[in-house]
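Coordinate analysis (summary)
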Amino acid sequence: MPETVSLVVNGISVEMPAGSMVSAAILKTGTYAFRRSATGEPRGPLCGMGICFECRVVIDGEPHCRSCQTVCKDGMEVRTDG
Amino acid sequence: MGNVCDVVVVGAGPAGLAAAWRVAKSGLAVSVVDDNPTAGGQIWRGEQTKPSSEVAQEWLERIRSVDIQMINGARVFQQPEVGVLLAETPEGVCELKFESLVLATGARERFLPFPGWTLPNVMGAGGLQALVKTGLPIEGKRVVVAGSGPLLLAVAAYLRGRGANVLLIAEQASSMQLLRFGIGSFSKSSQAFALKRQLMGVPYRSGCWVLEAHGTEKLERVTLFRGGEVACDYLACGFHLVPNVELAELLGCATEEGCVNVDEYQQTTVKKVYSAGESTGIGGLELSLVEGEIAGLAAAGKREAAQKLFPIRQKHRKFADLLNRTFALRDELKHLAAPETIVCRCEDVTFERLRVQQSWRAAKLQTRCGMGPCQGRVCGGAVEFLFGWRAESVRPPVLPVRVESLILEENK
């Protein structure tokens, strides 16, 4: 298994240790707003364990993915909506 | 995708792993299903390769020494018939058939609303720890750890070990309560001593809590009661824990005071369905492990062997009682939210819209509180404390799932 993986968050390339979660990769790029709430507030991860749904983003075209439970893969494309 | 075995365990945290180990040792076929990509639950997250304690190492080795089928990244969402569960995985729906079931669904943090708590970079205490464990660089970041419970200390020590600048630990419990806990929990003093050493120089303030988080697009600083104003990058804030009982309720298991009801063999009110660990009440690692072992033995039909563990469980239960009394939440925390503070983050329902409601059901009907994707898992713990409401019914699917997962079920 390679030691790092490389993915793209909102067009920004980021290297992460293998086994990292997408949520951590997003924050590492300096993006803190993962989505907009029903009234347009910026929101980021809260629970870190798949309960709160605040960290949901688009991963490889699939919407509503919980980034805190998705492991980073090489070449992954992530889009936030914040 | 299908799977048939004697015992299915839901949850790969300490209780679930302990149960599975006992079942496997009895020679029965056991599967553990968990929604995270790897086993270990929250406390042993990411520790398969580098365990952080002897207990973790011992248990992870035990698990590897027996035959257990691990089904990771699978979210159980429905029970189409007795003895069958459905789980959604990235590859599709997995059908699990079993004779007995052990629910070790653990707990989540309790979140309480205060002005600014919805800002990005305000997270749960365990929430921030989980993010750092899974790759978030925290070195040099200024962190305030706040809320209540022993988790705050563990999180602060962990973050500091990873290079964070932990500015303050704000514990809402009073120094009097904590003093009683310190004396009563003498048996755990070596653990407490190690934590204390790791946290040397970090202020630990009792009777202190966050009044407001400030910032426009993200967190910039916090104001604390008895703590002034502190500029920080992250606020890690959780108010002790809430058992995850939704799946048990879906299966018809009775709950009491928010915990799954179990008999002395950890069996729920539904025959052949057992529950162990935090889902039956917040009690910490040791209690979770012994409850898991008892549930596993009982599920494997080894009731006499299970009985031998009752005294150990009793000892740890006493500690759990003390723990929960010590970190009982003070009434002042009910008045943190301003009228415009959001309580339900999924549907953006404010405190002022909720406080005029008579019940959880009325609140749902009138405001959509608790009806978003988290299904009340976050705001439920808050409204229980703020207004005394408790969720009345759980309906399938117990979690939001893809439409195709539901269609697949219908077509079977």
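As a reminder, the structure under discussion sits directly above these lines.
I will try to describe carefully the structure that is included in this document. Predicted model, so just to flag it, every value in this text is computed and none were measured.

Take the overall build of chain B next. Secondary structure assignment for chain B yields 14 helices and 23 strands. Taking all 412 residues of chain B together, the buried fraction comes to 57%. For chain B, long-range pairs separated by at least 24 residues make up 65% of all intrachain contacts whose partners lie at least 6 apart in sequence. Here chain B displays about 17,600 Å² of accessible surface, and carbon together with sulfur accounts for 51% of that area. Across chain B, 46 positive and 44 negative side-chain charges occur, with their mean positions spaced 5 Å apart.

With the rule as written, the count across this model stands at three cavities of 30 Å³ or more. Considering only enclosed or pocket space, the largest cavity measures out at about 60 Å³ in volume. Taken together, A:Leu46, B:Phe111, B:Leu112, B:Phe114, B:Trp117, B:Val122, B:Met123, B:Gly124, B:Cys237 and B:Phe239 form the lining of the largest cavity. Tallied by class, residues from the lining of the largest cavity come to nine nonpolar, one polar and no charged.

All right, on to the packing of aromatic side chains then. Residues and elements named next belong to chain B. Overall, the coordinates contain five aromatic pairs over all chains when judged by the stated rule. Ring geometry for Phe 351 versus Phe 387: centroids 5.8 Å apart, planes at 20 degrees, classification stacked. Pair noted here: Phe 351 is in helix α11 (residues 351–354) and Phe 387 is in helix α13 (residues 379–387), with a separation of 36 residues, a long-range link. Of the residues examined, Phe 387 reaches a relative accessible area of 23% and is grouped as partly exposed.

Quick look at the pattern of salt bridges now. A side chain with one charge can pair with a side chain of the opposite charge if their charged atoms come near. Across all of its chains, the model carries 22 salt bridges over all chains by this definition. A salt bridge links B:Lys272 to B:Glu99, with the shortest nitrogen-to-oxygen separation between them at 3.5 Å. One end of the pair, B:Lys272, is in the loop between β20 (259–260) and β21 (273–275); the other, B:Glu99, is in the loop between β7 (92–97) and β8 (100–103), and 173 residues separate them in sequence. Given the relative accessible area of 51%, B:Glu99 is considered exposed. Here the residues in one salt-bridge network are A:Arg35, A:Glu41, A:Arg43, A:Glu54, B:Arg345 and B:Asp348, joined through shared partners.

Residues and elements named next belong to chain B. Look at the link from Pro 396 to Pro 397: it is a cis peptide, with omega at -10 degrees. Position of Pro 397 relative to the elements: it lies in the loop between α13 and α14 (403–411). A positive phi angle, close to 55 degrees, is found at Asp 348, a residue other than glycine. Take Asp 348: it is sitting in the loop between β22 (342–344) and β23 (349–350). With a phi close to 70 degrees, Arg 368 is a non-glycine residue in the positive phi region. Among the structural elements, Arg 368 can be located in the loop between α12 (360–367) and α13. Overall, the relative accessible area of 39% leaves Arg 368 in the partly exposed class.

Residue and element names in this part refer to chain B. Burial in α12 covers these residues: Trp 360, Ala 363 and Thr 367. Take α12 and look down its axis: the buried residues cluster within an arc of 65 degrees, on one side only. Exposed positions of α12 whose direction lies more than 90 degrees from the buried face are Leu 365 and Gln 366. Each element contacted by the buried residues of α12 is listed here: β23, α11 and α13. Looking one or two places after α12, you find Arg 368, whose phi comes out positive at around 70 degrees.

This part covers the packing of helix α3 (residues 125–133) of chain B against helix α4 (residues 151–161) of chain B. Residue and element names in this part refer to chain B. Look at α3 against α4: their axes get within 9 Å of each other, and the N-to-C directions meet at 30 degrees. One element, α3, and the other, α4, form an angle in the roughly parallel class. Where α3 crosses over α4, the two elements pack in a sense that is left-handed. Only Leu 151, Leu 152, Ala 154, Val 155, Tyr 158 and Leu 159 of α4 make contact with α3, whose side of the interface consists of Ala 125, Gly 126, Leu 128, Gln 129, Val 132 and Lys 133. Of the residues contributing to the contact of α3 with α4, the split by class is nine nonpolar, two polar and one charged.

Here the focus is the sheet that holds β21(B). Residues and elements named next belong to chain B. Here five strands make up an open sheet; going across it, the order is β4-β3-β2-β8-β21 and the pairing parallel. Strands with a single pairing partner mark the edges of an open sheet, and in this sheet they are β4 (69–71) and β21. Along the sheet, successive strands turn relative to each other by an average axial angle of 20 degrees, direction set aside. Across four bridges, strand β2 (residues 7–10) lies against strand β3 (residues 30–33) in parallel orientation. The residue of β3 that forms the bridge with Val 9 is Val 32.

Residues and elements named next belong to chain B. Considering all chains together, one arrives at zero disulfides over all chains under this definition. No disulfide involves Cys 344; its sulfur sits 4.4 Å from that of Cys 379, the nearest cysteine. A relative accessible area of 2% means that Cys 344 is categorised as buried. The thiol of Cys 346 is not disulfide-bonded; the next cysteine sulfur, from Cys 374, is found 3.9 Å away.

A few words on the packing of helix α1 (residues 14–25) of chain B against helix α2 (residues 54–65) of chain B. Residue and element names in this part refer to chain B. Running from amino to carboxyl end, α1 crosses α2 at an angle of 40 degrees, the nearest separation of the two axes being 10 Å. In terms of their interaxial angle, α1 and α2 are classed as oblique. Note on packing geometry: the crossing formed by α1 with α2 is left-handed. In this structure, α1 uses Leu 17, Ala 18 and Trp 21 to contact α2, whose residues at the interface are Trp 59, Leu 60, Arg 62, Ile 63 and Ser 65.

Rules behind the numbers
- Residues numbered from 1 in each chain as written.
- Chains lettered and ligands numbered in written order.
- Predicted model: local features only at pLDDT ≥ 70, side-chain atom pairs only at ≥ 80, totals over all residues.
- Heavy atoms only, no water.
- Helix = DSSP H or I, 4+ residues; strand = E, 2+ residues; numbered from the N terminus.
- Buried < 20%, exposed > 50% of the residue type's maximum accessible area, 1.4 Å probe, protein only.
- Contact = heavy atoms within 4.5 Å.
- Areas by Shrake-Rupley, 256 points an atom, 1.4 Å probe, with all protein chains shown as cover.
- Lys, Arg positive; Asp, Glu negative; His and termini not counted.
- Charge placed at Lys NZ, Arg CZ, Asp CG, Glu CD.
- 1 Å grid on protein atoms, 1.4 Å probe; cavity = no way out; pocket = protein on both sides within 12 Å on 5 of 7 lines; lining within 4 Å.
- Points joined across faces, edges and corners; volume = space filled by probe spheres on them.
- Nonpolar A, V, L, I, M, F, W, Y, C, P; charged D, E, K, R; others polar.
- Phe/Tyr/Trp six-rings, centres within 6.5 Å; stacked < 30°, edge-to-face > 60°.
- Salt bridge = Lys/Arg side-chain N within 4 Å of Asp/Glu carboxyl O.
- Arc of directions from axis to C-beta.
- Axes fitted to C-alpha atoms, helices over the stretch in contact; angles between N-to-C directions.
- Parallel < 35°, antiparallel > 145°, perpendicular 65-115°, else oblique.
- Left-handed = near helix turned anticlockwise from the far one by under 90°.
- Pairing = 2+ DSSP bridges.
- Disulfide = S-S within 2.5 Å.

None of this, on its own, says anything about what the molecule does.
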